[in-house]
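Descriptive analysis of the structure
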Amino acid sequence: MDSVTLLVALAVVVGLIGIVLPVLPGLLLVWGAVVVWAVVGQVWWLAGLVTVAYAAGLALQYLLPGRRLRAGGVPTRSLVLGVLVGVVGFFVVPVVGAVGGFVLGVYLSELQRLRGHGAAWPSTVHALRAVGLSMLIELAAGLVIGAAWVGTLLWG
């Protein structure tokens, strides 16, 4: 295995971990590493295939959870506040603080909007499920890209 292939394998693994633990732009890292490998090796069909998988993953990642959030009545304002508090939480308590901060931010926004825990908590859970769906879609796209690359290595 040459050093470029080893670096791409490392980038794919780190990118997939970055999807699950949102520290890095994981899907972008997986896609970028495979595209660079494909371009260097002049495997143009692979570069095109993983770019389509990347674009589909991004589109689905925002369309499906967004539709569920609108159906559940969770406003964008609550998500924005969740993300902002999540970013602060990430620096206060690395990695785990991002998730806790997101939950806290969404909950506080919904508590202020709906005026009570009984209505705010289900709305917060709805937002968390949408974020989980988004992560699963991103992970699936990353796994498809990684599998296409591994398949090309083995049978290409």
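This structure is a prediction, so every number in the text was calculated from the model and none was measured. Counting starts from 1 at the beginning of each chain's written sequence and moves along it residue by residue. pLDDT decides what is reported in this predicted model: residues at 70 or higher carry local features, side-chain atom pairs at 80 or more are listed and counted, and totals for whole chains, interfaces and linings draw on all residues regardless. With hydrogens and water excluded, all non-hydrogen atoms of the structure serve as input to the side-chain values.

With that settled, the discussion passes to the packing of aromatic side chains. Centres within 6.5 Å are what make two rings of Phe, Tyr or Trp a pair, Trp counting through its six-membered ring; a difference in plane orientation under 30 degrees is then read as stacked, over 60 as edge-to-face, and the rest as tilted. Overall, the coordinates contain 4 aromatic pairs when judged by the stated rule. Here the aromatic rings of Trp31 and Tyr54 are separated by 4.8 Å at their centres, their planes lie at 15°, and the arrangement is stacked. Of this pair, Trp31 sits in helix α2 (residues 26–40) while Tyr54 is found in helix α3 (residues 44–72), placing the two residues 23 residues apart along the sequence. Residue classification places Trp31 among the partly exposed residues on the basis of a relative accessible area of 22%. Residue Tyr54 is classed as buried on the basis of its relative accessible area of 15%. Runs of E in the DSSP output that reach at least two residues are strands. Runs of H or I that reach at least four are helices, and both are numbered from the N terminus. Here the term buried applies to any residue with accessible area under 20% of the maximum for its type, exposed to any over 50%, and partly exposed to those in between, with areas from a 1.4 Å probe on protein chains only.

Summarising the element assignment, Arg70 is placed in helix α3. The spatial distance from the C-alpha of Arg70 to the C-alpha of Ala127 is 10.0 Å, given a sequence separation of 57 residues.

Taking 1.5 Å of rise per residue, the 18 residues of helix α1 (residues 3–20) would be expected to cover 26 Å, and the 26 Å separating its terminal C-alpha atoms lies within 8% of that figure. For α1, the complete set of buried residues consists of Thr5, Val8, Ala11, Val12, Gly15, Leu16, Gly18 and Ile19. Down the axis of α1, the buried side of the element spans an arc of 155°, and every buried residue falls inside it. Turned more than 90 degrees from where α1 packs its buried face, Ser3, Leu6, Leu7 and Leu10 sit exposed. For α1, the secondary structure elements touched by its buried residues are α2 and α6 (117–155). Here the expected length of a helix is defined as 1.5 Å per residue gap, with one fewer gap than residues. Read the arc as the range of directions from the helix axis to the C-beta atoms. For this analysis, residues touch if any pair of their heavy atoms sits within 4.5 Å.

With that out of the way, let us pick up unusual backbone geometry. Even without glycine at this site, Gln42 takes up a positive phi of about 55°. Considering the arrangement of structural elements, one finds Gln42 in the loop between α2 and α3. Its identity as a non-glycine residue notwithstanding, Arg115 has a phi of 65°, on the positive side. Residue position: Arg115 is located in the loop between α5 (96–114) and α6.

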